[in-house]
Structures are given as structure tokens and as C-alpha cells.
Amino acid sequence: PSSISGFPSANRMQTAGAVDVNDVDESMQIAASLLASCDCLLIFAGAGMSADSGVPVFASASQSYEHLGLTYDQVACQDMMRKNPRLFLGFWANALKTYDTTAVHEGYEILAKWRRRVGSRNPALAAELRGAGGAGRGAEGGEGQEGMNTVFVSTTNVDGWLRRVVGGSVHEVHGSVHRWQCSGVPQVVTKAMWMQKMEPCCTELFPPPPNPFR
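First, a word on scope: everything that follows refers to the structure included in this document. Note that the structure is a prediction, hence the values are computed from the model and not measured.

What counts as what
Residues numbered from 1 in each chain as written. Predicted model: local features only at pLDDT ≥ 70, side-chain atom pairs only at ≥ 80, totals over all residues. Heavy atoms only, no water. Helix = DSSP H or I, 4+ residues; strand = E, 2+ residues; numbered from the N terminus. Expected span 1.5 Å × (residues − 1). Buried < 20%, exposed > 50% of the residue type's maximum accessible area, 1.4 Å probe, protein only. Contact = heavy atoms within 4.5 Å. Pairing = 2+ DSSP bridges. Axes fitted to C-alpha atoms, helices over the stretch in contact; angles between N-to-C directions. Arc of directions from axis to C-beta. Core = buried A, V, L, I, M, F, W, Y, C linked by side-chain atoms within 4.5 Å. 1 Å grid on protein atoms, 1.4 Å probe; cavity = no way out; pocket = protein on both sides within 12 Å on 5 of 7 lines; lining within 4 Å. Points joined across faces, edges and corners; volume = space filled by probe spheres on them. Nonpolar A, V, L, I, M, F, W, Y, C, P; charged D, E, K, R; others polar. Salt bridge = Lys/Arg side-chain N within 4 Å of Asp/Glu carboxyl O.

**A short note on helix H7 (residues 85-101)**
Between its terminal C-alpha atoms H7 stretches 24 Å, which fits the 24 Å expected from 17 residues at 1.5 Å a residue. For H7, the full list of buried residues reads Leu 87, Phe 88, Phe 91, Trp 92, Ala 93, Ala 95, Leu 96 and Tyr 99. Buried residues belonging to H7 abut helix H5 (72-76), helix H6 (78-83) and helix H10 (161-166).

Here it is in C-alpha cells:
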């Protein structure tokens, strides 16, 4: 929290290693006031948002592959598709199943309410942003959704929950398990995969393979 925005200063929030409940309440009141009056909203969300719904995140998932001498990022990356397609596809099949069958926690619906409220607050600004180049398209890239022009979400999560539940203009920094694309076909084959020159066969996005992949 920063006193610049009207929040209690950091030294007030750190009292002998404890947090003053009164300061927390004050900060929450200020945050609520800002949400109640803002015309645009930018939401940043990371792994903690998914973890609170009970799905494994980077740290916990990595433990599942220690017996293979592999890390989470080694199993999940495109190189594993070429080295061990069975392991790679099994990893993502399990991820898809987990994301599709897990109930998200109530925080997602709270964010969705914020989007609806802020998104309907300033139609003139929404129209201005739309006219400036289509900034802030809807949850599935379509038109006609509340908050599509004034509410923005940036996330490193790949589960697709923010796009599905919250909506608005969602930027998935690492992509989504629900949209795939060609990572490249080797043009110059070498023993070291990281030295191979890769050229994508196309730029299209497509859904993951159907059953029995799932």
C-alpha cells in the first residue's frame, strides 16, 4: 500500500512484524471507494488465483516429476513433445481434465461482478476506446459484452478460468490450454534440440485434440 494513493504508508502497516487491523480496514475502505468510482479496471492475476481452487501450481506440480529427473517446465515445454510425446500429451491431458472439472472459488465471481459494474459505468469511454482500435474486446473476442472496453485482465495462468468466468478483455501471457498452435517443424536438424531452427507450419489457433486425448 502507498500513501500516494491515499493508502496507509508502509511504515504504518509494519508494526513490530504485525499488521494493524485498523490499517487493513482503512485500506479496504479506500480500495472499495476507488472501485466504486473508477471508469477503467485492470486486474492482474497469477498462480495464487488458481491455487485457491485446489489445483496444483508450479511448485507443487514439479514434485510429481522429480523421480524422472525432470522439472515441471521441462515436461510442459514443446521440446518434450518431440522427446517424449506420451509424457507431454499425458501431462496436458491431465491438466485439461483438472481445469475442466474443478469448481473455481468465489473470488472469480467477485471479479466478474466488478467487471459488470465498472464496465457499465461509462459507455462514452467504452465507445472511445472501441473507436481507438478495438481495445478491450469481449471474453471470447466478440462484441456486445459488458465491460469489454473498460475492464482488462492480465494473467500468467493457462487454465482459461478468468476468460470463462470473469470476461472483459483477457490477456493470457502464457497462452491457454484451450487454444493450441504449431510450435514449429525442424528445418535444420541437430543433436541439440535447442539449436534446431524451427518454422511454424501455420499461425492458426485450434482447440486441443478430442477424446481419447482427454
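**Some points on the sheet that holds strand S3 (residues 169-172)**
One open sheet accounts for 3 strands, arranged S1-S2-S3; its pairing is parallel. Each edge of the open sheet carries a strand with a single partner, namely strand S1 (41-45) and S3. In this sheet, adjacent strand axes meet at a mean angle of 15° when their direction is disregarded. Sheet topology note: the S1/strand S2 (residues 151-155) ladder contains 5 bridges and is parallel. Along S2, the bridge assignment pairs Leu 41 with Val 151.

**Structural notes on helix H8 (residues 107-119)**
Since one α-helical turn is 3.6 residues long, residues separated by three or four positions face the same way. The first and last C-alpha atoms of H8 sit 18 Å apart over 13 residues, in line with the 18 Å expected at 1.5 Å per residue. If you check which residues of H8 are buried, you get Gly 107, Tyr 108, Leu 111, Ala 112, Arg 115, Val 118 and Gly 119. The buried side chains of H8 occupy one side of the element, clustering within an arc of 145° when seen end-on.

**Digging into the nonpolar core**
Core analysis: the biggest nonpolar cluster contains 30 residues, and Phe 91, Trp 92 and Leu 162 have the highest contact counts within it. Those elements that provide at least two residues to this core are S1, H5, H7, H8, S2 and H10.

**Some thoughts on the layout of surface pockets**
Put simply, the largest pocket is a space of about 1300 Å³. Lining the largest pocket are 42 residues, and of these Ala 76, Trp 92, Val 158, His 174 and Val 177 lie nearest its centre. In terms of residue count, the dominant contributor to the lining of the largest pocket is H7 (8 residues). A class-by-class count of the residues in the lining of the largest pocket yields 24 nonpolar, 14 polar and 4 charged.

**Looking at the pattern of salt bridges**
Inspection of the entire model under this criterion finds 3 salt bridges. One salt bridge in this structure joins Glu 109 and Arg 116, with 2.7 Å as the shortest N-O distance. The partly exposed category is assigned to Arg 116, whose relative accessible area is 29%. Put simply, Glu 172 and Arg 179 hold a salt bridge, and the shortest N to O gap is 2.4 Å. By relative accessible area, which is 8% here, Glu 172 ends up buried. One network of salt bridges, in which partners are shared, links Arg 163, Glu 172 and Arg 179.

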